[in-house]
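A closer look at the structure
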Amino acid sequence: MIETESGVFLEKTKKDEILTPETKIDKSVKPVLAMSNEKIVIETKTLDFYYNADAHALKNINIHIPDKKVTAFIGPSGCGKSTLLRCFNRMNDLISDAFHTGEILINGVDIYKEGTRLEDLRKQVGMVFQKSNPFPMSIWENVAFGPKVNGINDKDELNEIVESALKQGDLWREVKDRMQNSALDLSGGQQQRLCIARALANKPEIILMDEPASALDPISTGKIEETIEELKKNYTIVIVTHNMQQAARISDYTAFMMLGELIEVDLTKKIFTNPTQKLTEDYITGRFG
Ligand SMILES: Nc1ncnc2c1ncn2[C@@H]1O[C@H](COP(=O)(O)OP(=O)(O)OP(=O)(O)O)[C@@H](O)[C@H]1O
Ligand SMILES: [Mg+2]
């Protein structure tokens, strides 16, 4: 473990030895890219996040996430990618000592504004996790679960929502004749697409994905990537990935993080061919990671 300037404890690895202290972040380069022609859906302003007073996990994060694009978060293990992703739907609220300073805005509205209903926020900002987590119930029940909780009871309406979500999740063809079978009998890749469909059934605007394909084989991964490609026509997607080829393939923008800081955000093409920061270049060329 090492303690950084601001008191974050991170696992000490070889890469830390390489990067500290020789490689410095060029502070004159602003990490926020003014995506001038893009509608911004998620914005953070001077966001600092602490798991507790001694664990400062995010430092001064200023990021703009554009509408109906895929934005990928990359960076070494422990750099804060999942923490930042979980800030966007207040998932970190579940951790008792955690707190933040700064602002998190969705469509210009502070998600901690008084009167914000968590159920509404989580509907608007859906999430898919690394490990697929279908409920131990039928395929149909899994997808209908959210809409039912949200008060939709009409069977025809639910059927329509389920079918549409499964089609968008690219699973419909494979499961349409066995909707009453247990979701747990699906393959790993199918379970993950079911979880995507379950998130879509709530009609979110934003979908957060934390390494959604890292536990899957290459063919299932390819299917998830195709699904994401299709989904970005209608949704804003933020994806954490360890797989750099995946980030390069599917994302429009890439944000590189290290030690709790946002080092650089830019068009994916630029990040992978001509990054501004030396640290980004070192990371994407595999000098550490
Ligand atoms: N519940 C927690 N309590 C205290 N510290 C935590 C907690 N969860 C994560 N951290 C710490 O916060 C930092 C950021 O963790 P985070 O999980 O966001 O990293 P990550 O970039 O997603 O890593 P990985 O690529 O391994 O998933 C790490 O130092 C981690 O140890
Ligand atoms: Mg993570």
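Quick note: structure is the one above.
Reference entry: report on the structure contained in this document.

Parameters at a glance
- Residues numbered from 1 in each chain as written.
- Chains lettered and ligands numbered in written order.
- Predicted model: local features only at pLDDT ≥ 70, side-chain atom pairs only at ≥ 80, totals over all residues.
- Heavy atoms only, no water.
- Helix = DSSP H or I, 4+ residues; strand = E, 2+ residues; numbered from the N terminus.
- Buried < 20%, exposed > 50% of the residue type's maximum accessible area, 1.4 Å probe, protein only.
- Areas by Shrake-Rupley, 256 points an atom, 1.4 Å probe, with all protein chains shown as cover.
- Core = buried A, V, L, I, M, F, W, Y, C linked by side-chain atoms within 4.5 Å.
- Near = heavy atom within 4 Å.
- Polar contact = N/O pair within 3.5 Å; in protein donor to acceptor, adjacent residues only side chain to side chain.
- Nonpolar A, V, L, I, M, F, W, Y, C, P; charged D, E, K, R; others polar.
- Salt bridge = Lys/Arg side-chain N within 4 Å of Asp/Glu carboxyl O.
- Contact = heavy atoms within 4.5 Å.
- Pairing = 2+ DSSP bridges.
- Phe/Tyr/Trp six-rings, centres within 6.5 Å; stacked < 30°, edge-to-face > 60°.
- Lys NZ or Arg CZ within 6 Å of the ring centre and 35° of its normal.

A closer look at the overall build of the chain
Of the regular secondary structure elements, the chain holds 11 helices and 12 strands. For the chain, the residues scored as buried account for 51% of the 289 residues in total. For the chain, the computed accessible surface area is about 13700 Å², with 50% contributed by carbon and sulfur atoms.

Details of the nonpolar core
Ranked by size, the top nonpolar core spans 46 residues in total, and within it Leu166 and Met209 carry the most contacts. Formed by 30 residues, the second largest nonpolar core is a distinct cluster that contains Leu47, Ile61, Leu85 and Ile206.

Here we look at the site of ligand 1
By nearness alone, 14 residues border ligand 1, and Ser77, Gly78, Lys81, Ser82 and Thr83 come closest of all. Taking cysteine 79, its main chain carries an N or O atom lying 3.2 Å from an oxygen atom of ligand 1. Interatomic distance of 3.0 Å between a side-chain N/O atom of histidine 242 and an oxygen atom of ligand 1. Surface burial for ligand 1 is 67%, taken as the share of its 630 Å² of free accessible area covered by protein chains. Where the shell around ligand 1 is concerned, the elements lending two or more residues are strand S2 (9–10) and helix H2 (81–87). Counting residues per element, the shell around ligand 1 draws most heavily on H2, at 3 residues. Broken down by class, the residue content of the shell around ligand 1 amounts to 6 nonpolar, 6 polar and 2 charged.

Quick word on the pattern of salt bridges
Where charged atoms from two side chains of opposite charge approach closely, those side chains can pair. For the structure shown, the criterion picks out 17 salt bridges. With a closest N to O distance of 2.9 Å, lysine 233 and glutamate 230 form a salt bridge. Through salt bridges with shared partners, a single network forms among Asp170, Arg173, Glu174, Arg193 and Lys223.

Here we look at the environment of leucine 84
Relative to the helices and strands, leucine 84 is located in helix H2. On the accessibility criterion, leucine 84 (0% relative accessible area) is buried. As a C-alpha pair, leucine 84 and phenylalanine 49 span 35 residues in sequence and 8.4 Å in three-dimensional space. Excluding residues within four positions of it along the chain, leucine 84 makes contact with Leu47, Leu58, Ile61, Phe73 and Met257.

Concerning the pairing of strand S11 (residues 253–258)
In terms of burial, S11 is largely enclosed, as 6 of its 6 residues are buried. What you see with S11 is no split at all: Tyr253, Ala255 and Met257 on one side and Thr254, Phe256 and Met258 on the other are buried throughout. Strand direction decides the pairing type here: strand S5 (residues 70–74) and S11, joined by 4 bridges, are parallel. Looking across to S11, one finds that phenylalanine 73 is bridged to alanine 255. Two elements, S11 and strand S12 (residues 261–267), share 6 bridges in a ladder whose sense is antiparallel. Bridging across to S12, threonine 254 finds its partner in aspartate 266. Linking S11 back to S12 in an antiparallel pair, the connection comprises 2 residues, with leucine 259 at a positive phi of about 45°.

A few points about the packing of aromatic side chains
With the rule as written, the count across this model stands at 5 aromatic pairs. Both rings, one in tyrosine 50 and one in phenylalanine 99, keep their centres 4.6 Å apart while their planes meet at 5°; by these two values the pair is stacked. One end of the pair, tyrosine 50, is in strand S3 (residues 40–52); the other, phenylalanine 99, is in strand S6 (residues 99–106), with 49 residues separating them in the sequence. Here phenylalanine 73 and phenylalanine 88 contribute two aromatic rings whose centre-to-centre distance is 6.3 Å and whose plane-to-plane angle is 65°, an arrangement assigned as edge-to-face. Taken as a pair, phenylalanine 73 in strand S5 and phenylalanine 88 in the loop between H2 and S6 lie far apart in primary sequence, 15 residues in all. Just as phenylalanine 73 is buried, phenylalanine 88 falls in that class too. A cation over an aromatic ring shows up here: lysine 155 above the ring of tryptophan 140, its NZ or CZ 4.6 Å from the ring centre. The side chain of arginine 198 reaches across the aromatic face of phenylalanine 135, ending 4.0 Å from its centre.

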